[in-house]
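Commentary on secondary and tertiary structure
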Amino acid sequence: MIRRFLAVLHARNIEFVQDRSTLGWNVILPVVLVFGLATVFSSPYRTMYKVGVLSDAAELAQETHPFLRLKYIDFIQVEDQDAAVFKVERHQLDMLLDLRPEPPLYWINDESRAGFMLERLLASDAEPAAQRQMVSGLAVRRIDWLVPGILGMNMMFSCLFGVGYVVVRYRKNGFLKRLRATPLNAVEFAAAQIVSRLLLIMMITTVVFLGTDYFLNFRMEGSYLDLFLVAVLGAFSMVALGFTIAARLTSEELAGGLLNVASWPMMILSGVWFSLEGTNPLVQKLAMIFPLTHMLDAARAIMLDGASLLGVLPQLITLVLMSVALLGLGAAMFRWTPD
C-alpha cells in the first residue's frame, strides 16, 4: 500500500515539475501579487482614514491646522465642494474639512464609523471648534455601498472559474475533440458556454440579492430592471474573459494561475471593498481596464443615485465593447485538441 502511494506521489511530482508553464506560474504569480499590492498600497505609513480638505493654498501644509499633523490620515486636497460632499455620502471620503472660513467647517456621514472617530479627533485639535455641516440627502449606509461589490465579486469568480476550468477539462478529456467532428464551430461553442453560465449566475445572484434585500432593505433609487441589465452585461463580459483565458490551455493548474491573475487585481482595484479615492492616479486609470469596475460603477449609480440607463451609458458601452472584443478573441484563439 505504501509503495503504491509513493509511486503515485512520485509520478505526480514528476508530472508537475515537467509542466514548465504551470511550475512557472506557481512561482511568478505570488511574486507579481506581492509586488503589485506593495505598489498599490505603498506609503510611508498605512493610512486609516481619508479626509478631503478644501483650501486656497497651493499645497496643504501641516502648519495650516493642527488637525493636519495627525498621522495615519490621508489628507486629500479637493476643489469642488459639492463633489467632495457627494464622496462623503458614498463613503469614498471619511470626512470633508473646509479650512477657509473661521471657524472651519466639516462634513461627515452619520453612517460612517470612521467619520465618528475623525469628528472626535478634530474636536480635540480645533481652536475654535469646527462647525459641523449637514450632509445633503439621506446618508448612505456602508452596506448599501458594499452590496454591489460583494455580489459583483461573487459573479466574477463564478464567471471566470466556472467557464475557464470547464473548457480546459473538456479539452483534456477529449470531449472537445469529439465535438470537433460535428458541425459546431468555435463561436457557437463559446456562445453556448457563455449563455449557460450567464443564466446560472443571474439566477443565483437575483435570488441572493432579493433574499438579502428583504431583510436589509438596500437603498434603491433607480430601476431594478436597469440594475439587472447592468449585471447581465457585466457578467457577460467576465464570462467572455474566462473563455478567452481558457481558449488554448490544456493544464488546469496553469488555467488556475491565469484566472487568478485576472481575478485578484479586479477584486482589489475595482472598488469591491473600498474606494480608490486618494490612490495613485495611475492605479485609478488601471482599474478602468477591468469589466468589474464599470459594472460596479454603473450598479452603484443606479442603486444610490437613481441614475437611468442613459446616465450609465459610458459604462454600458464599455462593457459591450469588452464583451464583443473578448468573445471574438477567444473564438479566434480557440483550439479543440491539446496538440
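Residues numbered from 1 in each chain as written. Predicted model: local features only at pLDDT ≥ 70, side-chain atom pairs only at ≥ 80, totals over all residues. Heavy atoms only, no water.

Spatial strand order, β2-β1-β3-β4-β5: five strands in an open sheet with mixed pairing. Strands with a single pairing partner mark the edges of an open sheet, and in this sheet they are β2 (73–78) and β5 (131–133). Adjacent strand axes in the sheet meet at a mean angle of 30° when their direction is disregarded. Relative to strand β4 (residues 105–107), strand β3 (residues 95–98) runs antiparallel, the two being bridged by three bridges. Bridge pairing in β4 places leucine 96 opposite tryptophan 107. Sheet strands touched by helix α3 (residues 81–89): β1 (49–54), β2, β3 and β4. Its angle to β3, the strand with the most contacts, is close to 150°. (Pairing = 2+ DSSP bridges. Helix = DSSP H or I, 4+ residues; strand = E, 2+ residues; numbered from the N terminus. Axes fitted to C-alpha atoms, helices over the stretch in contact; angles between N-to-C directions. Contact = heavy atoms within 4.5 Å.)

What follows is about helix α9 (residues 252–269). Between the first and last C-alpha of α9 there are 26 Å, a value that for 18 residues agrees with the 26 Å anticipated at 1.5 Å per step. Every buried residue of α9 is listed here: Leu254, Ala255, Gly256, Gly257, Leu259, Ala262, Ser263, Met266, Met267, Ile268 and Leu269. Glycine 271 sits one or two residues past α9 and shows a positive phi near 80°. (Expected span 1.5 Å × (residues − 1). Buried < 20%, exposed > 50% of the residue type's maximum accessible area, 1.4 Å probe, protein only.)

Before going further, it helps to examine helix α12 (residues 313–333). Look at α12: 30 Å from first C-alpha to last across 21 residues, which is about the 30 Å you get at 1.5 Å a residue. Residues Gln315, Leu316, Leu319, Met322, Ser323, Leu326, Gly330 and Ala331 constitute the buried set of α12. Projection of α12 onto a plane perpendicular to its axis shows the buried side chains occupying an angular sector of 150°, all on one side. Those residues of α12 that are exposed and aimed more than 90 degrees away from the buried face are Pro314, Leu321, Val324 and Ala332. On its buried face, α12 is in contact with α7 (186–216), α8 (224–245) and α11 (291–305). (Arc of directions from axis to C-beta.)

Before going further, it helps to examine the packing of α11 against α12. The contact between α11 and α12 brings their axes to 9 Å, and the two run at 150°. In terms of axis orientation, α11 runs roughly antiparallel to α12. The crossing of α11 and α12 is left-handed. In contact with Pro291, His294, Met295, Asp297 and Ala298 of α11, α12 contributes Gln315, Thr318, Leu319 and Met322. (Parallel < 35°, antiparallel > 145°, perpendicular 65-115°, else oblique. Left-handed = near helix turned anticlockwise from the far one by under 90°.)

Here the focus is the nonpolar core. Residues Met156, Leu160, Phe189, Leu292, Met295, Met303 and Phe334 are the most contacted members of the largest nonpolar core, which totals 67 residues. Discounting residues that sit within four places of it in the chain, methionine 156 has contacts with Met238, Ser263, Met266, Met267 and Leu292. Val51, Val53, Ile73 and Ala130 belong to the second-largest nonpolar core, a separate cluster that totals 16 residues. (Core = buried A, V, L, I, M, F, W, Y, C linked by side-chain atoms within 4.5 Å.)

Here we come to the packing of aromatic side chains. Within the structure shown, the criterion is met by six aromatic pairs. Look at tyrosine 214 and phenylalanine 215: their rings are 5.2 Å apart centre to centre, the planes differ by 90°, and that puts the pair in the edge-to-face class. Aromatic side chains phenylalanine 243 and phenylalanine 334 sit 5.6 Å apart centroid to centroid with 15° between the ring planes, which places their arrangement in the stacked category. You can see phenylalanine 243 sitting in helix α8 and its partner phenylalanine 334 sitting in the segment after α12, a full 91 residues away along the chain. The exposure classification of phenylalanine 243 matches that of phenylalanine 334, with both residues buried. Grouped by ring-pair contacts, the aromatic residues Phe209, Phe218 and Tyr224 constitute a single cluster. The ring of tryptophan 145 carries arginine 300 above its face, with NZ or CZ at 3.7 Å from the centroid. (Phe/Tyr/Trp six-rings, centres within 6.5 Å; stacked < 30°, edge-to-face > 60°. Lys NZ or Arg CZ within 6 Å of the ring centre and 35° of its normal.)

The final tally for this structure, using the stated rule, is three salt bridges. Residue glutamate 221 pairs with arginine 219 through a salt bridge whose shortest N-O separation is 3.2 Å. When its relative accessible area of 45% is taken as the criterion, glutamate 221 is described as partly exposed. For arginine 219, a relative accessible area of 14% translates into the label buried. (Salt bridge = Lys/Arg side-chain N within 4 Å of Asp/Glu carboxyl O.)

Bringing the pairing of β3 into the picture now. Because side chains alternate across β3, one face comprises the buried residues Met95 and Leu97, and the other comprises Leu96 and Asp98, equally buried. Alignment of β1 against β3, held across four bridges, turns out to be parallel. Within the sheet, the bridge partner assigned to glycine 52 lies in β3 and is leucine 96. If you look at the hairpin formed by β3 and β4, you'll find six residues sitting between the two strands.

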